[in-house]
Amino acid sequence: MTSQHAKRLVEEFATYFKNNSTNPKGKYKSFVIKGESNPAQVAKLLELLDKNGIKYGKAGAKSGLKGFEYQSGKAGVTFSTSEKDIVINAYQPRSVLAQVLFEPNPALNDSITYDITSWAMPYAYGLQGYALETRLDASGAYEKPTFTPNQAGETPVAYLANWQGTRDVAFLAALLNHKIRVKYAEYPFEVEGKSFPAGSLIITKGGNEYVPDFDKKSNSGGKSIWGKLGYYPDRICGQRQRFWLT
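Fair warning: this is a prediction, and the values are worked out from it, not measured in the lab.

Rules of the game
For every chain, the first residue of its written sequence is number 1, and the numbers climb from 1 along that sequence. For this predicted model, a pLDDT threshold of at least 70 governs which residues receive local features, and a threshold of 80 or more governs which side-chain atom pairs are given and counted, while totals over whole chains, interfaces and linings are taken from all residues. Only hydrogens and water are set aside; all other atoms, that is, all heavy atoms of the structure, feed into the side-chain values. Throughout this description, the term salt bridge denotes a Lys or Arg side-chain nitrogen within 4 Å of a carboxyl oxygen of Asp or Glu. Secondary structure follows DSSP: runs of H or I at least 4 residues long count as helices, runs of E at least 2 residues long count as strands, and numbering of each begins at the N terminus. Each residue's exposure class comes from its accessible area (1.4 Å probe, protein chains only) as a fraction of the maximum for that residue type: buried when under 20%, exposed when over 50%, partly exposed otherwise. We call two strands paired when DSSP finds no fewer than two bridges between them. Note on contacts: a residue pair is in contact if any heavy atoms of the two residues lie within 4.5 Å. Patch members must show over 30% relative accessible area and no salt bridge, and they are joined within 9 Å when carrying like charges or within 5 Å when they are nonpolar side chains of Val, Leu, Ile, Met, Phe, Trp or Tyr. With residues, only the protein chains shown are counted as cover, and all accessible areas are computed by Shrake-Rupley using a 1.4 Å probe. Stacked, edge-to-face and tilted are the three classes for Phe, Tyr and Trp ring pairs, Trp counted by its six-membered ring, which pair at centre distances within 6.5 Å; planes under 30 degrees apart are stacked, over 60 edge-to-face, the rest tilted. Put simply, a charge is over a ring when the Lys NZ or the Arg CZ is close to the ring centre, within 6 Å, and near the line of the ring normal, within 35 degrees.

*Asks:* It is not clear to me how the pattern of salt bridges should be interpreted in this structure. Could you clarify?
*Replies:* Opposite charge on two side chains makes pairing possible when the charged atoms of those side chains draw close. Per the stated rule, a full pass over the model turns up 6 salt bridges. Between Glu47 and Lys51 there is a salt bridge whose closest N-O contact spans 3.5 Å. Of this pair, Glu47 and Lys51 both sit in helix 2 (residues 39-51), 4 residues apart, which is roughly one turn of that helix. Lys51 gets classed as exposed once you look at its relative accessible area, which sits at 66%. Note that Glu83 and Lys58 form a salt bridge whose closest N and O atoms lie 3.2 Å from each other. Within this pair, whereas Glu83 is found in the loop between strand 4 (74-81) and strand 5 (86-89), its partner Lys58 is found in strand 2 (residues 57-58), the two being separated by 25 residues in sequence.

Encoded structure:
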């Protein structure tokens, strides 16, 4: 039957994506993720959007906007955007998927279906954001922070890593898989002008003397665990940030 209606099928397929781009059906037409959100979690969100072909851009400096605030659950909250903020516009071919992922109040038939899979992305990733009922276009392409491997000038006595998101859990798992002992900070502290919150990982050579090639240890993929450590300009994001104590 499909082959008998091939022409109409192709036309309807094209119409579906065209209508998504010109007249999205959902209540919310735009979604903003604030730049001051956890950068590691923002990186995870953008990775998800890229995998699903959902477009996003730089919000730019705008004021007097109103929308639903995810953190407070309040509608009609006035806010402004900056060059660091991200906007996901529903006027795009995959607007339905974008609206499903960012819908603040999903309609559920019963409590049995309620779990994290129904959470809007700002809730799932713990991000600051807003859902707008009006169209908000991006002012330009959003440039992701460039990752730069952090190279120690000499063999460090210890490694410090912020605890910010799910990628940090994977990093910790890699350390434990190599039998590397890891400590964590119970209180915030500061080293060489850099602040570390409670929960930051502390990997010292003391107590790990038995680990062969401690600084060159490789994971199952053949890449150095410490190669995951690096820094991003202005903010830590995505991978890990390493500091060393001398």
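*Asks:* Would you mind showing me how to read the pairing of strand 12 (residues 201-204) here?
*Replies:* Within a regular strand, the side chains alternate between the two sheet faces. For strand 8 (residues 158-161) and strand 12, the ladder comprises 4 bridges, and the chain directions are antiparallel. Bridged to Leu160 within strand 12 is Ile202. Two elements, strand 9 (residues 183-184) and strand 12, share 2 bridges in a ladder whose sense is antiparallel. Following the sheet pairing, Tyr184 is matched in strand 12 by Leu201.

*Asks:* Got a minute to help me understand the side chain of Ser95 in this structure?
*Replies:* Structurally, the position occupied by Ser95 is in helix 3 (residues 95-102). With sequence-adjacent residues up to four places away left out, Ser95 is seen in contact with Asn20, Pro24 and Ala90.

*Asks:* What is the right way to look at the pairing of strand 6 (residues 129-132) in this model?
*Replies:* On strand 6, burial covers both faces: Gly129 and Ala131 on one face and Tyr130 and Leu132 on the other are all buried. When strand 1 (residues 30-33) meets strand 6, the two strands line up antiparallel, connected through 4 bridges. Looking at strand 6, one finds that Val32 is bridged to Tyr130. With 2 bridges connecting them, strand 3 (residues 62-69) and strand 6 associate as antiparallel partners.

*Asks:* How do you make sense of a nonpolar patch on the surface when you look at a structure like this?
*Replies:* A surface patch of nonpolar side chains, amounting to about 330 Å² of accessible area, comprises Tyr16, Val96, Leu97 and Val100. Broken down by element, the residue count for the nonpolar patch peaks at 3 residues, all from helix 3. Along the chain, Leu97 turns up in helix 3. Looking at Leu97, the relative accessible area reads 32%, which means it is partly exposed.

*Asks:* Could you clarify how one ought to interpret the packing of aromatic side chains in this entry?
*Replies:* Where two aromatic rings form a pair, the distance of their centres and the angle of their planes describe that pair. Evaluated as defined, the whole model comprises 6 aromatic pairs. For the ring pair Phe79 and Tyr130, a centre distance of 3.8 Å and an interplane angle of 5° mean the geometry is stacked. Placement of Phe79 in strand 4 and of Tyr130 in strand 6 is noted, with a sequence separation of 51 residues between them. In this pair, the class of Phe79 matches that of Tyr130, namely buried. Ring centres 5.2 Å apart and planes at 10° place the aromatic pair Phe189 and Phe196 in the stacked group. On the basis of relative accessible area, Phe189 is assigned to the partly exposed category, the value being 23%. Three or more aromatic residues link up through ring pairs in this structure, and these residues are Phe68, Tyr70 and Tyr123. A cation over an aromatic ring shows up here: Arg135 above the ring of Tyr91, its NZ or CZ 4.1 Å from the ring centre.

Keep in mind that these numbers describe shape and distance, not what the molecule does.
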